Amino acid sequence: MMEVFLSMAWTLASVLFISSLRGLSHQETARRGNSYGVVGMCVAVAAVILGEKVDRAHLPVLLPAMGVGAALGMVMAKRVAMTAMPELVAVLHSFVGLAAVLVGWAAWLDAAHEGTPSALLLGEIAVDVFIGAITFTGSVVAFLKLRGTLSGRPLLLPARHLLNVAVALASLSLAALFVKGDAVDPNLALGVMTLLAGALGVHLVAAIGGADMPVVVSMLNSYSGWTASAAGFMLENDLLIITGALVGSSGAILSVIMCRAMNRSIWSVIFGGFGAEPAPSSGPARAPEGEVVATDLDALAGELRDAREVVIVPGYGMAVSRAQHAVKQLVEILRAKGASARFAIHPVAGRLPGHMNVLLAEASVPYDIVLEMDEINGDFARTDVVLVIGANDIVNPSAQTDPASPIAGMPVLEVWKAKRVVVLKRSRASGYAGVDNPLFYHPSTRMLFADARDGMEKLVAKLQG
Amino acid sequence: MQVSIPREVLPGERRVAATPESVKKLIAMGFTVHVERGAGALAALPDRLYEAAGATMVDDPWKGARVVLKVRPPAERHDGTHERELIPEGALLVSFLWPARNADLVAHLASRHVDALAIDMIPRISRAQKMDALSSMANIAGYRAVIEAAHHFGSFFCGQMTAAGKVSPAKVLVIGAGVAGLAALGTAKGLGAVVRAFDTRAAVREQVQSMGAEFLEVTVAEDGEGGGGYAKEMSPAFIEAEMALFRAQAREVDIVITTALIPNRPAPKLWLRDMVEAMRPGSVVVDLAAESGGNCELTVPDEVVVHQGVTILGRTDLTSRLATTASQLYANNLVHLLTDMGGGALTIRLDDEVVRGALVAHEGRVLEPPPRVAVSKAETKTDTKTVAKTETKTDTKTETVAKTETKSAHGHGHGAAPAGGERVSWMTWAAIGGLAAAWIAMRAGVGPFAHEADASLRLFAERVTVFVLSCFVGWQVIWNVSPALHTPLMSVTNAISGIILVGGMLHLRGAELGAAGWLGVVAVLLATINVAGGFLVTRRMLAMFRK
């Protein structure tokens, strides 16, 4: 009877999770979506306990473990700065990956303990551990890269594609040995395969450049879903399969969206090495002509005072220096004097999909003046001043003009059509993609070399004074 | 190093080559600055402002000067002496010089070992834009031309509907869409006039249209791009077509502003006597080329001519009429130039193409101008067709259509696979192929799991069904998520993937917690961090989004 109860509970939880994701796709329903997710999770946990799937004797161990986990999660969620969201997301992915590896091993130990497990189950265990280990180590590397502990530059080993294939094949053979079970010690086979998969995860993410981080994080998001799904197959649990599949496809969609925003094929991101590949067309990328013209805060303040139409393009630089509150103040000043001030967000601005939106929301910028690339690209021609804050590749005109450029074909914000572009930047260095930016040499562009927050705060002071 | 700014001597010249602001910058660069008393008086820049900025006010600015900044070429002073004699030997003179017209002056300066930099010869390349005084002055002239025209024009520029009757808007034709022409277009448009422009260079069409003006074209295909941002002289056939266009326009327009110049040649005659006579009485012609002879046949430099009721303004002092702003921009151009030349440690480097282009006399010799550098960035199209208005319209239309297409593609086109159109995606074919392979494998009784029990295989197949359907549902649900919510979506999926904790819990079985049990406990702990952290941070984020 309990099986029937459980399967009803799984169905309810699944429906709640689907509603949760559905709610998350629109601003108006997003909060309700989150609540559905919470309820769904409570239903699932309660069902496992009430459905007598856990021996009551173990509750004194289980409940404190959950309590500790919940407390840790809450502290992390409360403490995290919005600018550090990418790191938090990455580290959470690694937990799912590690949990999946542990569950896989637990399943193997249980199965070995109870007798001869079927080949099907062993295969499922191998798949679960494999994906889980890749997710775990990949997320850890992504986390370290996002934190800056590891360099954002892609690690390019010689023959890295071959290396990936070799490691994958080796893992596959070990998995086969493990499933057959009689050739070698299955513990050894599974153990070595876990390590190999972990190494593969490290290498896959290490080979991906910092500019591709939004895609990497979405990919890992997707993997963490697939790994849960694999665990569901292994444990014959439909809830895990369904939930994992939902998360997996959600992450996959985000990855596809991010890849499109960078005009990159998903494969080139999965297998890494962007930024070092030779450009597909002949001829070297053109070096920009002209000269970089610097400006100062007084000149910028003067231009903003006269401007009627202002667009702000935030990038990773705004996140790094936490300039969003100063930017918000600037927008308030501009709007108070009757000018139109809006934000233009590129899909891959920042290091996480939608990162800029979250930061602006944190500074209480109303979301109806935060526009997407497609919505605002047509408006630049009648914009008086575009303020680019710590963004580079996403406003690089060579994506459209220079077929030899590594970012050729990537959709970009066409800021150079505006009457005046002011680029706020710490230095002349090129962006994560390592591509020189002709925008800086454009006749209507002025460069303001300053830290984003410092510059914005001084600008606000000037406009107020 | 001493920089001197003498008072301009030409009657009617109100500009000055330095402002208190630019003096400050010069001093910051390491120059000492001497300004002749009263130099800025006509530009509303009294001596005390210069003094406050750190300049030394003197009666004889020429003494000890190493750099002399001027607006107009050296000329005879009212006391009979000539400025060209006053510049100390070896000093650097920076001013408008027009070397093609003033060969004698340049030769004289060279003979006196004066280094002469003609600001009008600065190459028009992007790097030198900030020192391009021709552009900054032309901008002012274009603005002032419209203001002068308005002064002599007996009607509104903008159309009005009043209780007393209707007034049509003025029609303004600008010939030559260079910097001055574009400034005139912008000003006239701002006053509410209907504006049109003609230029032989097809590349400027976009610029004209961006000012909200109509770009007139003739039917003859020829591009007048002459290098360096100027036009070249056109073929007779083209000129004939151009004249026919102008004659037709003359009957319609109220204001004509001509700005056509060809370097080192007299200005082309474009607005002929019969065109003036065809214009309505009360119309105004402003000839910005008056100094080089004028584009209009009836122009008399520096005079206002009225011919059959049409006023023709041949002013050559338009920039001077905006003396304060003109001085400010010109002084900034000079400051930029001196900054580029090394500031207080100024040196003349002949390998600097900007300096080389503008330097006309150096170390006792007259320098020939180097070849001009190309400036026009816009694509030069040669197939100019008839009047552009219709074309513009269709262009915008296509753009809108394109935009809607992208939008709809984003909105609906993603039901299943990202591939568009009617074709079935490769994924579908792959799935069908896989199904076929499975059938063959089942029939033959081979495959990796051939000896599994039938019941467990059936269960497996059911799970695959559940899995595939869930992927499909997920795919459908997540498309159309608004990009602003990508981060919250990710953190909520993070929380939901914490469902793996159920997997951990399922191992807490048996009387004793074995190794598997403990692994499960750790997994539960980790996954709970995800669940709690993910949901909470999502909540925190969503609370911040507001309309």
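Keep in mind the model is a prediction, meaning the values are calculated, not measured.

Please explain the overall build of chain A as it appears in this structure.
The secondary structure content of chain A amounts to 17 helices and six strands. Looking at the 465 residues of chain A, the share that counts as buried comes to 59%. Summarising the internal contacts of chain A: among those between residues at least 6 apart in sequence, 79% fall at separations of at least 24. As presented, chain A carries roughly 17,900 Å² of accessible surface, and 62% of it is formed by carbon and sulfur atoms.

Got a minute to help me understand the sheet that holds strand E6 (residues 115–118) of chain B in this structure?
Adjacent strands of a sheet form backbone hydrogen bonds with each other and so pair up, either parallel or antiparallel. All names here are of chain B. Ordered in space as E3-E2-E1-E4-E5-E6-E16-E17, the eight strands form an open sheet in which the pairing is mixed. The strands lining the two open edges of the sheet, one partner per strand, are strand E3 (56–58) and strand E17 (365–366). Here strand E16 (residues 359–362) pairs with E17 via two bridges, running antiparallel. Residue pairing in the sheet places His 362 in a bridge with Arg 365 of E17.

Looking at this structure, how should I read the environment of Ala55(B)?
All names here are of chain B. If you trace the backbone, Ala 55 turns up in the loop between helix H2 (47–53) and E3. For Ala 55 and Pro 20, which are 35 residues apart along the polypeptide, the C-alpha to C-alpha distance reads 8.1 Å. In contact with Ala 55, other than residues within four places in its own chain, are Val 23, Ile 27, Val 33, Val 35 and Tyr 50.

Help me out: how do you make sense of the packing of aromatic side chains in this one?
When we look at a pair of aromatic rings, we describe it by the centre distance and by the angle of the planes. Residue and element names in this part refer to chain A. Counted by the stated rule, this structure contains 10 aromatic pairs over all chains. Taking 4.9 Å as the distance between ring centres and 70 degrees as the angle between the ring planes, the aromatic pair formed by Trp 108 and Phe 178 counts as edge-to-face. In this pair, Trp 108 sits in helix H4 (residues 85–114) while Phe 178 sits in helix H6 (residues 160–180), placing the two residues 70 residues apart along the sequence. With relative accessibility at 6%, the residue Trp 108 sits in the buried group. Classification of Phe 178 as buried rests on a relative accessible area of 1%.

When you look at the sheet that holds strand E9 (residues 171–175) of chain B in this model, what are you seeing that I'm missing?
All names here are of chain B. Strand order in this open sheet of seven strands is E11-E10-E9-E12-E13-E15-E14, and the pairing throughout is mixed. Looking at strand neighbours, the two that pair on one side only are strand E11 (214–216) and strand E14 (304–307), the edges of this open sheet. Between one strand and the next, the sheet's axes are offset by a mean angle of 20 degrees, whatever the strand orientation. Examined bridge by bridge, E9 and strand E10 (residues 194–198) share five bridges and lie parallel to one another. In the strand pairing of E10, Leu 173 is matched with Arg 196. Packing against the sheet, helix H8 (residues 236–250) makes contact with E9, E10 and E11, and its axis sits at approximately 165 degrees to E10.

Help me understand a nonpolar patch on the surface in this model?
Residue and element names in this part refer to chain A. Taken together, Met 2, Phe 5 and Leu 50 make up a surface patch of nonpolar side chains, about 260 Å² in accessible area. You can see Phe 5 is positioned in helix H1 (residues 2–23). You can call Phe 5 partly exposed: its relative accessible area is 34%.

Mind showing me how you'd approach the interface of chain B and chain A here?
Accessible area lost on assembly of the parts is the figure often given for the size of an interface. Residue-level contacts link 91 residues of chain B with 111 residues of chain A. Of the roughly 9,300 Å² buried between chain B and chain A on both sides combined, carbon and sulfur atoms contribute 75%. A per-residue breakdown of the area chain B buries against chain A is headed by Arg463(B), Met490(B) and Ile500(B), which together make up 8% of the total. Viewed at the interface, chain A and chain B are joined by two salt bridges. In this structure, the salt-bridge partner of Glu236(A) is Arg463(B), at a minimum N-O distance of 3.9 Å. Connecting chain B to chain A are 14 residue pairs in polar contact (both at pLDDT 80 or more). Breaking the side of chain B that touches chain A down by element, the ones donating at least two residues are helix H12 (389–411), helix H14 (454–478), helix H15 (486–496), helix H16 (500–505) and helix H17 (515–544) of chain B. Here the side of chain B that touches chain A gets 28 residues from one element, more than from any other, and that element is H17(B).

Looking at this structure, I do not really get the nonpolar core. What am I missing?
Considering soluble globular proteins, one finds that nonpolar side chains tend to be buried as a cluster. Residues Val313(A), Leu330(A), Phe343(A), Leu413(A) and Val415(A) are the most contacted members of the largest nonpolar core, which totals 184 residues. When residues of this core are assigned to their parent elements, the largest contribution, 15 residues, is made by H4(A). Those residues in contact with Leu413(A) that lie beyond four places of it in its chain are Val313(A), Ala344(A), His346(A), Met373(A), Ile376(A), Asn377(A), Phe380(A), Ile394(A) and Val395(A). Counting 65 residues, the second largest nonpolar core, distinct from the first, contains Ala18(B), Val106(B), Ala116(B) and Leu338(B).

Sorry if this is basic, but what is going on with the pairing of strand E1 (residues 309–314) of chain A here?
Moving residue by residue along a regular strand, the side chains alternate between the two faces of the sheet. Residue and element names in this part refer to chain A. Burial runs high along E1: six of the six residues are buried. Here E1 shows a buried face lined by Glu 309, Val 311 and Val 313 and a second buried face lined by Val 310, Ile 312 and Pro 314. Alignment of E1 against strand E2 (residues 340–345), held across four bridges, turns out to be parallel. Bridge pairing in E2 places Glu 309 opposite Ser 340. Pairing geometry for E1 and strand E4 (residues 385–389), over five bridges, is parallel. Its bridge partner lying in E4, Val 310 is registered against Val 385.

Rules and cut-offs
Residues numbered from 1 in each chain as written. Chains lettered and ligands numbered in written order. Predicted model: local features only at pLDDT ≥ 70, side-chain atom pairs only at ≥ 80, totals over all residues. Heavy atoms only, no water. Helix = DSSP H or I, 4+ residues; strand = E, 2+ residues; numbered from the N terminus. Buried < 20%, exposed > 50% of the residue type's maximum accessible area, 1.4 Å probe, protein only. Contact = heavy atoms within 4.5 Å. Areas by Shrake-Rupley, 256 points an atom, 1.4 Å probe, with all protein chains shown as cover. Pairing = 2+ DSSP bridges. Phe/Tyr/Trp six-rings, centres within 6.5 Å; stacked < 30°, edge-to-face > 60°. Axes fitted to C-alpha atoms, helices over the stretch in contact; angles between N-to-C directions. Patch = residues over 30% accessible without salt bridge, like charges linked within 9 Å, V, L, I, M, F, W, Y side chains within 5 Å. Salt bridge = Lys/Arg side-chain N within 4 Å of Asp/Glu carboxyl O. Buried area = accessible area lost by both parts, 1.4 Å probe. Polar contact = N/O pair within 3.5 Å; in protein donor to acceptor, adjacent residues only side chain to side chain. Core = buried A, V, L, I, M, F, W, Y, C linked by side-chain atoms within 4.5 Å.

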